[in-house]
Amino acid sequence: MADDLPPLEAEIRRLISVAGPMPISQYMAACLTHPQHGYYMTRDPLGAAGDFITAPEISQMFGELIGLWAAAVWRQMGAPENIHLIELGPGRGTMMMDALRAAQVIPAFRRAIVAHLVEVSPALQQMQRQTLGQIDVPAQWHSALHEVPDGPAIILANEFFDALPVHQAVKQNDGWHERVVVVDADGNLSLGLGSDPLPHFDPILREKVREASVDSIYEWRADSVALEIGRRARAGSAALVIDYGHIHSDVGDTVQAVGGHSFADPLLAPGLVDLTAHVDFQSVAQAVESMGVRVFGPVEQGTFLRRLGIETRAATLKTNAPPEKASEIDAAVDRLTGSGARKMGVLFKVMAAADPKLGTLPGFES
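Notes on the structure follow.

Definitions and limits used
- Residues numbered from 1 in each chain as written.
- Predicted model: local features only at pLDDT ≥ 70, side-chain atom pairs only at ≥ 80, totals over all residues.
- Heavy atoms only, no water.
- Core = buried A, V, L, I, M, F, W, Y, C linked by side-chain atoms within 4.5 Å.
- Buried < 20%, exposed > 50% of the residue type's maximum accessible area, 1.4 Å probe, protein only.
- Helix = DSSP H or I, 4+ residues; strand = E, 2+ residues; numbered from the N terminus.
- Pairing = 2+ DSSP bridges.
- Axes fitted to C-alpha atoms, helices over the stretch in contact; angles between N-to-C directions.
- Phe/Tyr/Trp six-rings, centres within 6.5 Å; stacked < 30°, edge-to-face > 60°.
- Lys NZ or Arg CZ within 6 Å of the ring centre and 35° of its normal.

Here the focus is the nonpolar core. Looking at soluble globular proteins, one finds that nonpolar side chains tend to be buried together. Ranked by size, the top nonpolar core spans 54 residues in total, and within it Trp69, Phe109, Ile154, Leu240, Phe304, Leu361 and Phe364 carry the most contacts. Tallying contributions element by element places helix H4 (residues 60-76) first for this core, with nine residues. Counting residues in hydrophobic clusters, the runner-up holds 26 residues, among them Val148, Ala157, Ile229 and Val293.

As C-alpha coordinates, then:
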(Lines give C-alpha, C1' and ligand atoms only; values in the text may rest on other atoms or scores of the structure.)
Protein backbone atom coordinates (compact mmCIF):
# COMPACT_ATOMS: atom_id res chain seq x y z
CA MET A 1 0.00 0.00 0.00
CA ALA A 2 2.85 2.39 0.89
CA ASP A 3 4.07 2.26 -2.72
CA ASP A 4 0.74 3.72 -3.85
CA LEU A 5 0.82 6.62 -1.39
CA PRO A 6 1.99 10.14 -2.18
CA PRO A 7 5.52 10.55 -0.81
CA LEU A 8 4.61 12.93 2.02
CA GLU A 9 1.75 10.76 3.26
CA ALA A 10 4.09 7.76 3.30
CA GLU A 11 6.59 9.78 5.34
CA ILE A 12 3.90 10.95 7.80
CA ARG A 13 2.70 7.38 8.29
CA ARG A 14 6.29 6.27 8.88
CA LEU A 15 6.82 8.95 11.51
CA ILE A 16 3.59 7.98 13.28
CA SER A 17 4.64 4.31 13.30
CA VAL A 18 7.99 5.25 14.86
CA ALA A 19 7.11 8.10 17.23
CA GLY A 20 3.38 7.64 17.86
CA PRO A 21 0.50 10.05 17.25
CA MET A 22 1.55 13.28 15.53
CA PRO A 23 0.38 16.65 16.94
CA ILE A 24 -1.70 18.69 14.50
CA SER A 25 0.98 21.39 14.51
CA GLN A 26 3.65 18.95 13.36
CA TYR A 27 1.33 17.54 10.69
CA MET A 28 0.51 21.03 9.40
CA ALA A 29 4.19 22.02 9.33
CA ALA A 30 5.09 18.89 7.35
CA CYS A 31 2.25 19.43 4.87
CA LEU A 32 3.27 23.02 4.17
CA THR A 33 7.06 23.16 4.47
CA HIS A 34 8.53 19.65 4.16
CA PRO A 35 11.75 20.33 2.17
CA GLN A 36 10.89 17.99 -0.72
CA HIS A 37 7.12 17.51 -0.61
CA GLY A 38 5.67 20.49 1.30
CA TYR A 39 2.81 22.35 -0.36
CA TYR A 40 4.58 25.73 -0.45
CA MET A 41 7.96 24.31 -1.38
CA THR A 42 7.02 22.89 -4.75
CA ARG A 43 4.43 25.09 -6.45
CA ASP A 44 2.83 28.46 -7.10
CA PRO A 45 -0.46 28.14 -5.18
CA LEU A 46 -1.90 31.51 -6.21
CA GLY A 47 -4.27 32.74 -8.87
CA ALA A 48 -6.90 31.18 -11.08
CA ALA A 49 -4.70 28.19 -11.91
CA GLY A 50 -3.74 27.71 -8.25
CA ASP A 51 -5.72 26.97 -5.12
CA PHE A 52 -6.54 30.42 -3.73
CA ILE A 53 -6.20 34.13 -4.44
CA THR A 54 -4.94 36.87 -2.13
CA ALA A 55 -5.79 40.56 -1.99
CA PRO A 56 -2.71 41.76 -3.95
CA GLU A 57 -3.68 39.42 -6.81
CA ILE A 58 -7.23 40.83 -6.87
CA SER A 59 -6.17 44.40 -7.56
CA GLN A 60 -3.08 46.60 -7.78
CA MET A 61 -4.91 49.05 -5.52
CA PHE A 62 -4.25 46.88 -2.47
CA GLY A 63 -0.46 46.91 -2.76
CA GLU A 64 -0.40 50.55 -3.82
CA LEU A 65 -2.28 51.63 -0.70
CA ILE A 66 0.03 49.52 1.49
CA GLY A 67 3.02 51.23 -0.17
CA LEU A 68 1.58 54.69 0.54
CA TRP A 69 0.80 53.59 4.12
CA ALA A 70 4.45 52.57 4.51
CA ALA A 71 5.60 55.93 3.16
CA ALA A 72 3.44 57.78 5.68
CA VAL A 73 4.79 55.61 8.51
CA TRP A 74 8.36 56.25 7.31
CA ARG A 75 7.72 59.97 7.72
CA GLN A 76 6.41 59.39 11.26
CA MET A 77 9.64 57.46 11.94
CA GLY A 78 11.60 60.61 11.10
CA ALA A 79 12.30 59.68 7.46
CA PRO A 80 15.44 57.59 8.10
CA GLU A 81 17.90 57.49 5.19
CA ASN A 82 17.81 53.69 5.20
CA ILE A 83 14.68 51.64 5.84
CA HIS A 84 14.17 47.87 5.75
CA LEU A 85 10.84 47.21 4.02
CA ILE A 86 10.21 43.63 5.12
CA GLU A 87 7.47 41.37 3.82
CA LEU A 88 6.67 38.03 5.45
CA GLY A 89 5.39 35.37 3.04
CA PRO A 90 5.39 37.57 -0.09
CA GLY A 91 3.59 35.16 -2.46
CA ARG A 92 4.53 36.05 -6.02
CA GLY A 93 5.95 39.40 -4.93
CA THR A 94 2.91 41.24 -6.26
CA MET A 95 2.20 43.32 -3.15
CA MET A 96 5.82 44.36 -2.78
CA MET A 97 6.00 45.32 -6.46
CA ASP A 98 2.82 47.42 -6.28
CA ALA A 99 3.95 49.01 -3.00
CA LEU A 100 7.33 49.96 -4.45
CA ARG A 101 5.70 51.37 -7.58
CA ALA A 102 3.43 53.55 -5.45
CA ALA A 103 6.47 54.66 -3.42
CA GLN A 104 7.81 56.40 -6.52
CA VAL A 105 5.64 59.40 -5.65
CA ILE A 106 7.86 59.96 -2.58
CA PRO A 107 11.35 59.78 -4.11
CA ALA A 108 13.22 60.10 -0.80
CA PHE A 109 11.31 57.13 0.63
CA ARG A 110 11.92 55.08 -2.48
CA ARG A 111 15.67 55.81 -2.32
CA ALA A 112 15.78 54.80 1.34
CA ILE A 113 14.28 51.33 0.81
CA VAL A 114 16.02 48.01 0.90
CA ALA A 115 13.39 45.30 0.36
CA HIS A 116 13.67 42.15 2.48
CA LEU A 117 11.49 39.18 1.53
CA VAL A 118 11.08 36.41 4.10
CA GLU A 119 10.22 33.28 2.12
CA VAL A 120 10.82 29.57 2.76
CA SER A 121 9.66 28.35 -0.67
CA PRO A 122 12.31 28.10 -3.40
CA ALA A 123 9.54 28.07 -6.04
CA LEU A 124 7.94 31.28 -4.76
CA GLN A 125 11.31 32.90 -4.14
CA GLN A 126 12.12 32.46 -7.81
CA MET A 127 8.81 34.06 -8.80
CA GLN A 128 9.47 36.98 -6.45
CA ARG A 129 12.89 37.55 -8.02
CA GLN A 130 11.28 37.68 -11.45
CA THR A 131 8.53 40.04 -10.29
CA LEU A 132 10.88 42.44 -8.50
CA GLY A 133 13.34 42.36 -11.40
CA GLN A 134 11.05 45.01 -12.89
CA ILE A 135 11.68 47.34 -9.95
CA ASP A 136 15.00 49.11 -9.38
CA VAL A 137 15.19 48.63 -5.61
CA PRO A 138 17.81 46.50 -3.80
CA ALA A 139 16.25 43.30 -2.46
CA GLN A 140 17.41 40.48 -0.21
CA TRP A 141 15.82 37.12 0.64
CA HIS A 142 15.72 35.34 3.99
CA SER A 143 14.13 32.17 5.31
CA ALA A 144 13.13 33.72 8.67
CA LEU A 145 12.50 37.19 10.09
CA HIS A 146 15.34 36.94 12.62
CA GLU A 147 17.80 36.72 9.69
CA VAL A 148 16.94 40.26 8.53
CA PRO A 149 19.52 42.78 9.82
CA ASP A 150 18.40 45.06 12.63
CA GLY A 151 17.67 48.71 11.86
CA PRO A 152 14.69 50.95 11.10
CA ALA A 153 12.02 48.71 9.58
CA ILE A 154 8.46 48.52 8.34
CA ILE A 155 7.21 44.94 8.44
CA LEU A 156 4.30 43.78 6.26
CA ALA A 157 2.52 40.46 6.81
CA ASN A 158 -0.45 39.81 4.52
CA GLU A 159 -1.92 36.31 4.92
CA PHE A 160 1.20 35.11 6.68
CA PHE A 161 0.04 34.17 10.18
CA ASP A 162 -2.83 31.98 8.94
CA ALA A 163 -0.29 29.59 7.38
CA LEU A 164 1.74 29.19 10.59
CA PRO A 165 1.01 25.79 12.17
CA VAL A 166 -1.49 25.68 15.02
CA HIS A 167 -1.68 23.38 18.00
CA GLN A 168 -5.12 22.14 18.99
CA ALA A 169 -6.34 20.88 22.35
CA VAL A 170 -9.71 19.28 23.10
CA LYS A 171 -11.34 19.70 26.50
CA GLN A 172 -12.18 16.46 28.30
CA ASN A 173 -13.45 15.78 31.81
CA ASP A 174 -9.89 15.34 33.10
CA GLY A 175 -8.36 18.35 31.28
CA TRP A 176 -7.23 19.44 27.83
CA HIS A 177 -5.75 16.78 25.53
CA GLU A 178 -3.65 17.64 22.48
CA ARG A 179 -5.30 16.81 19.16
CA VAL A 180 -3.19 14.44 17.09
CA VAL A 181 -3.11 12.61 13.77
CA VAL A 182 -3.19 8.81 13.96
CA VAL A 183 -3.61 5.86 11.63
CA ASP A 184 -7.00 4.37 12.51
CA ALA A 185 -8.20 0.76 12.48
CA ASP A 186 -9.17 1.07 8.80
CA GLY A 187 -5.67 2.23 7.87
CA ASN A 188 -6.67 5.85 7.24
CA LEU A 189 -5.20 9.03 8.66
CA SER A 190 -7.64 10.36 11.25
CA LEU A 191 -7.82 12.65 14.26
CA GLY A 192 -7.37 11.48 17.82
CA LEU A 193 -6.40 12.75 21.27
CA GLY A 194 -3.20 12.48 23.24
CA SER A 195 -3.58 9.92 26.02
CA ASP A 196 -2.73 12.28 28.88
CA PRO A 197 -3.99 15.80 29.58
CA LEU A 198 -1.60 18.65 28.84
CA PRO A 199 0.14 19.56 32.13
CA HIS A 200 -0.42 23.02 33.67
CA PHE A 201 -2.54 24.04 30.67
CA ASP A 202 -5.65 25.50 32.33
CA PRO A 203 -3.89 28.39 34.13
CA ILE A 204 -2.53 29.86 30.88
CA LEU A 205 -5.96 30.04 29.23
CA ARG A 206 -8.27 33.02 29.24
CA GLU A 207 -11.33 32.61 31.46
CA LYS A 208 -13.70 32.35 28.50
CA VAL A 209 -11.71 29.41 27.12
CA ARG A 210 -11.26 27.72 30.51
CA GLU A 211 -15.03 27.71 31.00
CA ALA A 212 -15.78 26.13 27.61
CA SER A 213 -17.81 22.92 27.50
CA VAL A 214 -16.36 19.42 27.16
CA ASP A 215 -15.23 18.57 23.59
CA SER A 216 -14.47 22.24 22.84
CA ILE A 217 -11.36 22.76 20.69
CA TYR A 218 -8.80 25.46 21.43
CA GLU A 219 -6.11 26.53 18.96
CA TRP A 220 -2.87 28.38 19.57
CA ARG A 221 0.32 29.22 17.71
CA ALA A 222 3.87 29.67 18.90
CA ASP A 223 4.58 33.33 19.78
CA SER A 224 8.05 33.44 18.23
CA VAL A 225 7.19 35.48 15.10
CA ALA A 226 4.94 37.90 17.00
CA LEU A 227 7.62 38.44 19.65
CA GLU A 228 10.25 39.15 16.97
CA ILE A 229 7.89 41.64 15.29
CA GLY A 230 7.41 43.32 18.66
CA ARG A 231 11.15 43.44 19.35
CA ARG A 232 11.83 45.15 16.04
CA ALA A 233 8.88 47.53 16.27
CA ARG A 234 10.02 48.68 19.72
CA ALA A 235 13.25 49.97 18.17
CA GLY A 236 11.61 52.89 16.36
CA SER A 237 9.86 50.72 13.77
CA ALA A 238 6.37 49.52 12.78
CA ALA A 239 4.51 46.48 11.48
CA LEU A 240 1.24 45.78 9.67
CA VAL A 241 -0.58 42.43 9.92
CA ILE A 242 -3.48 41.63 7.57
CA ASP A 243 -5.21 38.26 7.82
CA TYR A 244 -8.47 36.47 8.39
CA GLY A 245 -9.42 35.52 11.90
CA HIS A 246 -11.13 36.54 15.12
CA ILE A 247 -10.57 39.60 17.28
CA HIS A 248 -10.97 37.76 20.63
CA SER A 249 -9.55 34.40 21.70
CA ASP A 250 -12.21 31.70 21.69
CA VAL A 251 -12.74 28.00 21.13
CA GLY A 252 -13.44 26.44 17.73
CA ASP A 253 -11.82 24.31 15.05
CA THR A 254 -10.70 26.57 12.20
CA VAL A 255 -8.12 24.36 10.46
CA GLN A 256 -9.10 24.10 6.81
CA ALA A 257 -7.70 22.77 3.56
CA VAL A 258 -8.18 24.41 0.17
CA GLY A 259 -7.39 22.96 -3.23
CA GLY A 260 -8.53 24.28 -6.60
CA HIS A 261 -10.44 27.14 -4.90
CA SER A 262 -12.60 24.60 -3.01
CA PHE A 263 -12.50 23.26 0.54
CA ALA A 264 -10.94 19.83 1.01
CA ASP A 265 -10.31 17.29 3.77
CA PRO A 266 -7.08 18.31 5.58
CA LEU A 267 -6.11 14.63 6.03
CA LEU A 268 -6.76 13.32 2.52
CA ALA A 269 -3.90 14.76 0.46
CA PRO A 270 -0.97 15.84 2.67
CA GLY A 271 1.26 18.29 0.82
CA LEU A 272 -1.13 18.63 -2.11
CA VAL A 273 -3.58 21.15 -0.62
CA ASP A 274 -3.14 24.35 1.37
CA LEU A 275 -3.68 24.17 5.14
CA THR A 276 -4.51 27.27 7.17
CA ALA A 277 -6.25 28.29 10.38
CA HIS A 278 -7.83 31.53 11.52
CA VAL A 279 -5.60 34.05 13.28
CA ASP A 280 -6.27 34.77 16.96
CA PHE A 281 -5.58 38.50 16.88
CA GLN A 282 -5.91 38.85 20.65
CA SER A 283 -3.05 36.41 21.19
CA VAL A 284 -0.88 38.04 18.51
CA ALA A 285 -1.52 41.47 20.03
CA GLN A 286 -0.69 40.23 23.53
CA ALA A 287 2.65 38.80 22.37
CA VAL A 288 3.57 41.94 20.43
CA GLU A 289 2.55 44.26 23.28
CA SER A 290 4.67 42.28 25.72
CA MET A 291 7.72 43.69 23.92
CA GLY A 292 6.73 47.23 24.85
CA VAL A 293 5.09 48.38 21.63
CA ARG A 294 1.74 50.02 20.96
CA VAL A 295 -0.84 47.95 19.09
CA PHE A 296 -3.50 49.46 16.82
CA GLY A 297 -6.69 47.62 15.88
CA PRO A 298 -7.58 45.17 14.68
CA VAL A 299 -10.06 46.84 12.37
CA GLU A 300 -11.92 45.25 9.48
CA GLN A 301 -10.01 45.27 6.19
CA GLY A 302 -12.85 47.15 4.48
CA THR A 303 -12.67 49.94 7.04
CA PHE A 304 -8.89 50.14 6.80
CA LEU A 305 -8.79 50.31 2.99
CA ARG A 306 -11.54 52.92 2.86
CA ARG A 307 -9.61 55.06 5.37
CA LEU A 308 -6.54 54.77 3.15
CA GLY A 309 -8.57 56.00 0.18
CA ILE A 310 -9.34 52.95 -1.94
CA GLU A 311 -12.50 54.53 -3.33
CA THR A 312 -10.60 57.64 -4.44
CA ARG A 313 -7.90 55.47 -6.01
CA ALA A 314 -10.55 53.42 -7.83
CA ALA A 315 -12.17 56.59 -9.20
CA THR A 316 -8.78 57.75 -10.51
CA LEU A 317 -8.12 54.42 -12.21
CA LYS A 318 -11.57 54.49 -13.83
CA THR A 319 -11.08 57.96 -15.30
CA ASN A 320 -9.50 56.69 -18.50
CA ALA A 321 -10.59 53.07 -18.31
CA PRO A 322 -12.92 51.42 -20.83
CA PRO A 323 -16.32 50.35 -19.41
CA GLU A 324 -15.38 46.70 -18.94
CA LYS A 325 -12.22 47.67 -17.04
CA ALA A 326 -14.16 50.14 -14.91
CA SER A 327 -16.56 47.39 -13.87
CA GLU A 328 -13.59 45.17 -12.96
CA ILE A 329 -12.23 47.94 -10.72
CA ASP A 330 -15.61 48.29 -8.99
CA ALA A 331 -15.79 44.52 -8.49
CA ALA A 332 -12.30 44.49 -6.99
CA VAL A 333 -13.19 47.24 -4.51
CA ASP A 334 -16.32 45.31 -3.53
CA ARG A 335 -14.38 42.08 -3.03
CA LEU A 336 -11.67 43.76 -0.96
CA THR A 337 -14.00 45.84 1.22
CA GLY A 338 -17.42 44.17 1.12
CA SER A 339 -19.08 41.58 3.36
CA GLY A 340 -20.57 38.23 2.49
CA ALA A 341 -19.43 35.14 0.62
CA ARG A 342 -16.02 35.41 -1.11
CA LYS A 343 -15.60 39.01 0.09
CA MET A 344 -12.74 40.04 2.34
CA GLY A 345 -13.83 43.28 3.93
CA VAL A 346 -15.18 41.85 7.19
CA LEU A 347 -13.53 38.44 7.56
CA PHE A 348 -10.06 39.97 7.14
CA LYS A 349 -8.72 42.15 9.93
CA VAL A 350 -5.85 44.64 10.02
CA MET A 351 -3.63 45.22 13.04
CA ALA A 352 -0.52 47.35 13.40
CA ALA A 353 2.23 47.69 15.98
CA ALA A 354 4.75 50.45 16.48
CA ASP A 355 7.19 52.09 18.80
CA PRO A 356 4.92 54.24 21.03
CA LYS A 357 6.81 57.40 20.11
CA LEU A 358 5.54 57.19 16.51
CA GLY A 359 2.00 58.13 17.50
CA THR A 360 -1.17 56.86 15.83
CA LEU A 361 -0.55 55.07 12.55
CA PRO A 362 -2.52 55.79 9.34
CA GLY A 363 -5.79 53.90 9.01
CA PHE A 364 -6.26 53.53 12.77
CA GLU A 365 -7.55 56.99 13.58
CA SER A 366 -10.47 56.79 15.99
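Having put the structure on the table, let's press on.
So, on to the pairing of strand S7 (residues 175-183). Counting buried positions along S7 gives eight out of nine residues, so the element sits mostly inside the fold. With two bridges connecting them, strand S1 (residues 22-23) and S7 associate as antiparallel partners. Bridging across to S7, methionine 22 finds its partner in valine 181. In terms of strand pairing, strand S6 (residues 167-172) meets S7 through four bridges, oriented antiparallel. Following the sheet pairing, alanine 169 is matched in S7 by glutamate 178.

A few words on unusual backbone geometry. It is generally the case that most residues other than glycine have a negative phi and that most peptide bonds are trans. Note the cis peptide between glycine 297 and proline 298, where omega equals 10°. The topology assignment puts proline 298 in strand S15 (residues 294-300). Non-glycine residue glutamate 159 carries a positive phi angle of around 50°. Within the element layout of this structure, glutamate 159 appears in the loop between strand S5 (153-158) and S6. The exposure class of glutamate 159 is buried, given its relative accessible area of 17%. Positive phi, close to 80°, is recorded for aspartate 215, a residue that is not glycine.

Here the focus is the sheet that holds strand S13 (residues 274-276). Read across the open sheet, the three strands follow the order S12-S11-S13; overall the sheet is antiparallel. The sheet is open, and its two edges are formed by strand S12 (262-264) and S13, each paired on a single side. Adjacent strand axes in the sheet meet at a mean angle of 40°, parallel and antiparallel pairs treated alike. One ladder, built from three bridges, connects strand S11 (residues 256-259) with S12; its direction is antiparallel. Within the sheet, the bridge partner assigned to glycine 259 lies in S12 and is serine 262.

The next thing to look at is the packing of aromatic side chains. For the structure shown, the criterion picks out 11 aromatic pairs. Relative to phenylalanine 364, the ring of phenylalanine 304 lies with its centre 5.3 Å away and its plane at 45°, an arrangement referred to as tilted. Pair noted here: phenylalanine 304 is in helix H11 (residues 301-308) and phenylalanine 364 is in the segment after strand S16 (348-354), with a separation of 60 residues, a long-range link. In this pair, the class of phenylalanine 304 matches that of phenylalanine 364, namely buried. Through a chain of ring-to-ring contacts, three or more aromatic side chains come together here, namely Trp176, Phe201, Tyr218 and Trp220. Between the NZ or CZ atom of arginine 129 and the centre of the ring of tryptophan 141, over which it lies, the distance is 4.2 Å.

By themselves, these are just geometric observations and shouldn't be taken as functional.
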